[in-house]
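Breakdown of the fold
Chain by chain, the residues run as shown.
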Amino acid sequence: MEFWYSENHTDNVKFSIRVDKQLFSGKSEFQRIDIFESEEYGRFLTLDGYMMLTEKDEFVYHEMITHVPMAVHPCVKDVLVIGGGDGGVLRELVKYDTIERIDLVEIDKMVIDVCKEYLPSVACCFDDERLTVYYEDGLKYIRRCANMYDLIIVDSTDPFGPGEGLFTREFYGSCSNALREDGIMVNQHESAFYKNDAIAMQRAHKRIIESFPISRVYQAHIPSYPSGLWLFGFSSLKYHPVRDMNAKKWNSLGIKTKYYNTNLHRGAFYLPNYIEELLENVEQAI
Ligand code: SAM
């Protein structure tokens, strides 16, 4: 008897992974949390049935959401991660000795606890002494912050359920306020291939460009996410993500990655025409 995990990418498209074993299933006050084991993708985490990460391709997402801003900002000391309960962004951030403080705001403690137990290759750095974890809603936490962070990484779920508030105009305005005058915010920016994802992406982009003078979108290939083509938002009060990227300095750090490199960094910001058009439609509407 075969057991398959399936996720509807649209009403007419399903993504399925054959599962060897279900390792965990539980329900927190916020969402259902499941961990599966599979031949092809290794272990993977789903929240409310939606794919969050797999051992096989999580490195793409976590490297691209972390090293892109870290290769641009000249001196990141204070970082805020909103969401990120699986620990993947944290694992990439701790590779930088220059970072002095990491605040991680995760609404659901159970996600951290489960990932520590079942995804040790991802949730491996929660003991870093620079880290403070806040178990609360990122939308509420950010309201208390002004001029505090050099980098904010919004590693949230999708724009529904507990993550909905992290895609609002209020939230992006609060992030802009929480950053120092040369701060950078990056966010997981959904996708552009399927219609509903494209609409969510345009909605987020419209709200972001109203809060940041510089706002660009970049791409990566993440097979387990809808369509495999995933987008990230790069927003800044001062730095341009390609012109101000310091390849020589980043490469001198000797940070080992499986996906990110400074040539790919430049290329990731050159998008297909159909995505450029979706973004221009929003930018011109402002
Ligand atoms: N990389 C994954 C993706 O792109 O879908 C998401 C990573 S992580 C698992 C997302 C985290 O965001 C979850 O642990 C979830 O509990 C957390 N989260 C959702 N809404 C939140 C909120 N309002 N405040 C803080 N954390 C939130």
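Residues numbered from 1 in each chain as written. Predicted model: local features only at pLDDT ≥ 70, side-chain atom pairs only at ≥ 80, totals over all residues. Heavy atoms only, no water.

Below, the discussion takes up the pairing of strand S7 (residues 101-105). Most of S7 is tucked away: four of the five residues are buried. Note: strand S6 (residues 78-83) against S7, five bridges, orientation parallel. Bridge pairing in S7 links Ile82 to Val105. Once the chain exits S6 it traverses helix H2 (residues 88-93) before rejoining the sheet at S7, and the crossover so formed is right-handed. Relative to strand S8 (residues 131-134), S7 runs parallel, the two sharing four bridges. If you follow Leu104 over to S8, its bridge partner there is Val133. Regarding topology, helix H3 (residues 109-118) serves as the crossover connection from S7 to the parallel S8, and that connection is right-handed. (Buried < 20%, exposed > 50% of the residue type's maximum accessible area, 1.4 Å probe, protein only. Helix = DSSP H or I, 4+ residues; strand = E, 2+ residues; numbered from the N terminus. Pairing = 2+ DSSP bridges. Right-handed = clockwise from strand over helix to strand, strands pointing away.)

For helix H9 (residues 273-285), spanning 13 residues, the distance from its first C-alpha to its last is 18 Å, which sits close to the expected 18 Å at 1.5 Å a residue. Considered for burial, the residues of H9 that qualify are Ile275, Leu278, Leu279 and Val282. End-on view of H9: buried residues confined to an arc of 90°, all on one side of the axis. For H9, the exposed residues set more than 90 degrees away from the buried face come down to Asn273 and Gln284. The elements touched by buried residues of H9 are helix H6 (195-209), strand S11 (214-221) and strand S12 (229-236). (Expected span 1.5 Å × (residues − 1). Arc of directions from axis to C-beta. Contact = heavy atoms within 4.5 Å.)

We now examine the nonpolar core. Ranked by size, the top nonpolar core spans 66 residues in total, and within it Leu45, Leu93, Tyr218 and Phe232 carry the most contacts. Per-element tally for this core: the top contributor is helix H1 (residues 58-70), with seven residues. Formed by 21 residues, the second largest nonpolar core is a distinct cluster that contains Leu139, Phe171, Leu179 and Phe212. (Core = buried A, V, L, I, M, F, W, Y, C linked by side-chain atoms within 4.5 Å.)

For the rest of this paragraph, the subject is the site of the ligand. The local shell around the ligand holds 24 residues, among which Gln31, Glu106, Asp137, Gly138 and Pro162 are the closest. Take Asp137: an N or O atom from its side chain is 3.0 Å from a nitrogen atom of the ligand. At 2.8 Å from a nitrogen atom of the ligand is found a main-chain nitrogen or oxygen belonging to Gly138. Residues of the shell around the ligand, tallied by class, amount to nine nonpolar, nine polar and six charged. Mapping the shell around the ligand onto the domain boundaries places at least three of its residues in each of domain 1 (3-54) and domain 2 (58-285). (Near = heavy atom within 4 Å. Polar contact = N/O pair within 3.5 Å; in protein donor to acceptor, adjacent residues only side chain to side chain. Nonpolar A, V, L, I, M, F, W, Y, C, P; charged D, E, K, R; others polar. Domains from an automatic or database assignment.)

Our next topic: the sheet that holds strand S1 (residues 3-10). Across the sheet, five strands lie side by side as S1-S2-S3-S4-S5; this open sheet has antiparallel pairing. Two strands in the sheet have a free side with no partner beyond their single neighbour: S1 and strand S5 (50-54). For this sheet, the mean inter-axis angle between neighbouring strands, taken without regard to orientation, is 45°. Both S1 and strand S2 (residues 13-27) contribute to a ladder of seven bridges, which runs antiparallel. By the bridge assignment for S2, Tyr5 is matched with Ile17. (Axes fitted to C-alpha atoms, helices over the stretch in contact; angles between N-to-C directions.)

On to the side chain of Thr46. Positionally, Thr46 belongs in strand S4 (residues 42-47). Residues within four places of Thr46 in sequence aside, it is in contact with Tyr5, Arg32, Ile33, Asp34, Phe36, Met51 and Met52.

This paragraph deals with the sheet that holds S8. To summarise the sheet geometry, strands pair through backbone hydrogen bonds and adopt either a parallel or an antiparallel arrangement. Spatial ordering of the open sheet is given by S8-S7-S6-S9-S10-S12-S11, a layout of seven strands whose pairing is mixed. Of all strands in the sheet, those with a lone pairing partner are S8 and S11, marking the two edges. Taken pair by pair, the neighbouring strands of this sheet meet at an average axis angle of 15°, ignoring direction. Sheet contacts for helix H5 (residues 169-178): S6, strand S9 (149-155) and strand S10 (179-188); angle to S10, the most-contacted strand, approximately 140°.

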